[in-house]
Amino acid sequence: MISKNKILLLLLLLLTINVSGQYSPPKTKELVDLSLAKLCPIDSTFICLLENALLQSDNINKRITITKNLNVFNITIIQKDSAYYKIYIELSINPSKKGMGYIVKGDFIYVFQGDLQPLFNETKTLRKFSYSQFSNTIDPPFWILCYNSKNNSMKIIEEKTHY
């Protein structure tokens, strides 16, 4: 048999929910502030090549039309040797918390991290980004590119999108 205490507790809980109107679960989102330095490219050819490689991709155009709020490219640059760089890119709604600097071009924000020294100069201009740490997005598109600084060429090595 159910004890009187359990029944009273259940009634008290139901009364509390009815009196306050609707039960609202505790908020699980935490706001995060991130300040990033504005970057100045040493050679603007790199940014043009990057933008051309990304925007020529059919997958990015499809994804942008599906989800308008994906406008941040989180980019990790790893220098393989004196001429070659591997570039990992993810399209997102939020800048990466590991971001070291950013560039705005058109409707997009490019947030960079990794081996930036040979490609960018950091300015003293800071921009504050605020966003919810736990904001959910659908699986974002992801690219891996290769950049050759000697002949200024860039190509997509791998491209993953989830529809």
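Conventions used here
Residues numbered from 1 in each chain as written. Predicted model: local features only at pLDDT ≥ 70, side-chain atom pairs only at ≥ 80, totals over all residues. Heavy atoms only, no water. Salt bridge = Lys/Arg side-chain N within 4 Å of Asp/Glu carboxyl O. Helix = DSSP H or I, 4+ residues; strand = E, 2+ residues; numbered from the N terminus. Buried < 20%, exposed > 50% of the residue type's maximum accessible area, 1.4 Å probe, protein only.

A. Up close: the pattern of salt bridges. Applying the stated criterion across every chain yields a total of 2 salt bridges. The partner of Lys128 in a salt bridge is Asp33, with the nearest N and O atoms 3.5 Å apart. With a gap of 95 residues between them, Lys128 in strand S6 (residues 120-132) and Asp33 in strand S1 (residues 31-41) connect regions that are remote in the sequence. Owing to a relative accessible area of 49%, Asp33 belongs among the partly exposed residues under this scheme. The closest approach of N and O atoms between Lys105 and Glu51, which form a salt bridge, is 3.6 Å. Linking Lys105 in strand S4 (residues 101-105) with Glu51 in helix H2 (residues 44-55), this pair joins segments that are 54 residues apart in sequence. Residue Glu51 is classed as buried on the basis of its relative accessible area, which comes to 17%.

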